[in-house]
Amino acid sequence: MLIGITGKTTVAHLYGQFLESLNVFGVNSWTQEAISGVEIVNRGPQEIERMIKDMIRNDDDGGVLIIDEAYQLLSLQAGLVGRAALDIILNLMETNVGKLAVVFLGYKEEMETFFEHNPGLSSRIPYVVDFDDFTDYELWKILCKTINDQYKGKMDVEGGMDGLYMRCIIRRLSATRGRKGFGNARAAQNLLNLITQRQARRLVKERRDGQEHNCHLLTKDDLLGPDPSAAIMSSQAWHELQGLIGLGQVKESVKSLINS
């Protein structure tokens, strides 16, 4: 089982390829399938049973089943359907040792709860790999590579790739580390999406105003966004908050957060 948020899906697929390259199960026909917990619930227990049996239909067949966000099988929304599907998976794992490997993926906190709901999981899933988050340097490398890949090396960054503004946004990104939903490489991609949206709005305004513009430059404002102390004055939510009676402590807390 792989838990964490640092490329676990990629590693799971590489693990399957590694097992195949070593001919670990000694089979002639090898299959690797990937599915999410919510997909299993939506398709129903019979469908996941059919999928697994198709992978190991003959004596010389085998493979790896990768279940992303496996904790969804035991969520309240999944109900009895998710539990029934998990029981089928565990039973087929036990009866097909040497032919079938199953990799469960998920966030650490949710996977710990996943284990608590079914005591039989610990005995059937003996190996647990917990991935650490990327460091600030690694996040910076990922963001730089994402920019270069997306724009084929033609996009410049104000201050340079290793400049102050890039370091600032990486510090902001790393400040969200540890929060539920933080996605490491995915977070870096989402950050770039936000930056390019700012750039697009700026370019539209510059064209409309007849100003010179450079489509191959991410400026300081594109990278960092507007100054919060200035942006707050045009925020409808901020003015609505100030218009409420009382709530002095709440208003001061929000103001302090923005100032920081």
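Above this note sits the structure.
This write-up is about the structure you can find in this document. (Residues numbered from 1 in each chain as written. Predicted model: local features only at pLDDT ≥ 70, side-chain atom pairs only at ≥ 80, totals over all residues. Heavy atoms only, no water.)

Some thoughts on the overall build of the protein
Next up, step 1: On a plain count of helices and strands, the protein comes out with 13 helices and 7 strands.
Next up, step 2: Relative to a compact globule of 260 residues, whose C-alpha radius of gyration would be 18 Å, the protein shows 24 Å and is clearly more extended.
Next up, step 3: Dimensions along the principal axes, computed over C-alpha positions, put the protein at roughly 70 × 50 × 30 Å.
Next up, step 4: Scored against the burial criterion, the 260 residues of the protein give a buried share of 40%.
Next up, step 5: Counting contacts in the protein only where the partners sit at least 6 residues apart, residues at least 24 apart contribute 70% of the total.
Next up, step 6: When the accessible surface of the protein is summed, it comes to about 15,200 Å², and 52% of that surface belongs to carbon and sulfur atoms.
Next up, step 7: When the 29 basic and 34 acidic side-chain charges of the protein are each reduced to a single mean position, those positions are 6 Å apart. (Helix = DSSP H or I, 4+ residues; strand = E, 2+ residues; numbered from the N terminus. Rg over C-alpha atoms; globule rule 2.2 N^0.38 Å. Buried < 20%, exposed > 50% of the residue type's maximum accessible area, 1.4 Å probe, protein only. Contact = heavy atoms within 4.5 Å. Areas by Shrake-Rupley, 256 points an atom, 1.4 Å probe, with all protein chains shown as cover. Lys, Arg positive; Asp, Glu negative; His and termini not counted. Charge placed at Lys NZ, Arg CZ, Asp CG, Glu CD.)

Focus on the pattern of salt bridges
Next up, step 1: Taken as a whole, this structure holds 11 salt bridges when the rule is applied.
Next up, step 2: Glu39 is paired through a salt bridge with Arg43; the nearest N and O atoms lie 3.5 Å apart. With Glu39 and Arg43 both in helix H2 (residues 37-43), this residue pair falls 4 residues apart, about one helical turn.
Next up, step 3: Notably, a salt bridge pairs Lys108 with Asp130, separated by 3.2 Å at the nearest N-O pair. (Salt bridge = Lys/Arg side-chain N within 4 Å of Asp/Glu carboxyl O.)

Focus on the environment of Thr10
Next up, step 1: With respect to the helices and strands, Thr10 occurs in helix H1 (residues 8-21).
Next up, step 2: What makes Thr10 exposed here is its relative accessible area of 52%.
Next up, step 3: For the pair formed by Thr10 and Leu90, sequence separation is 80 residues and the distance between their alpha carbons is 23 Å.

Re the side chain of Thr196
Next up, step 1: Counting through the fold element by element, Thr196 comes out in helix H9 (residues 185-208).
Next up, step 2: With sequence-adjacent residues up to four places away left out, Thr196 is seen in contact with Gln150 and Tyr151.

Considering helix H5 (residues 108-117)
Next up, step 1: Every buried residue of H5 is listed here: Glu110, Met111, Phe114 and Phe115. One face of H5 carries all of its buried residues, which in axial projection span an arc of 145°. H5 presents Glu109 and Glu116 as exposed residues on the side facing more than 90 degrees away from its buried surface. (Arc of directions from axis to C-beta.)

As for the packing of aromatic side chains
For any two aromatic rings, the description comes down to two numbers: the centre-to-centre distance and the angle of the planes.
Next up, step 1: For the structure shown, the criterion picks out 4 aromatic pairs.
Next up, step 2: Between the aromatic rings of Phe104 and Phe114, the centroid separation amounts to 6.0 Å while the plane-to-plane angle is 45°, which identifies the pairing as tilted. One end of the pair, Phe104, is in strand S4 (residues 100-106); the other, Phe114, is in helix H5, with 10 residues separating them in the sequence. No difference in accessibility class separates Phe104 from Phe114, as the two residues are buried.
Next up, step 3: Note on Phe114 and Phe115: the rings are 6.4 Å apart at their centroids and 80° apart in plane angle, and the pair reads as edge-to-face.
Next up, step 4: Every member of this aromatic cluster is reached through a ring pair, and the members are Phe104, Phe114 and Phe115.
Next up, step 5: Lying over the aromatic face of Tyr107, Lys8 brings its terminal NZ or CZ to 4.9 Å of the ring centre. (Phe/Tyr/Trp six-rings, centres within 6.5 Å; stacked < 30°, edge-to-face > 60°. Lys NZ or Arg CZ within 6 Å of the ring centre and 35° of its normal.)

A short note on the nonpolar core
Next up, step 1: One finds Ile48, Leu65, Ile67, Ile89, Phe104 and Phe114 to be the most contacted residues of the largest nonpolar core, which totals 31 residues.
Next up, step 2: Contributions of two or more residues to this core are made by H2, helix H3 (45-55), strand S3 (61-68), helix H4 (79-95), S4 and H5.
Next up, step 3: Ranked by the residues each element gives to this core, the list is headed by H4, at 7 residues.
Next up, step 4: Those residues in contact with Ile67 that lie beyond four places of it in its chain are Ile35, Ser36, Gly37, Ile40, Ile89, Val102, Val103, Phe104 and Leu105.
Next up, step 5: In terms of nonpolar packing, the next biggest core, distinct from the first, is built from 21 residues, Ile169, Ile170, Phe182 and Ala188 among them. (Core = buried A, V, L, I, M, F, W, Y, C linked by side-chain atoms within 4.5 Å.)

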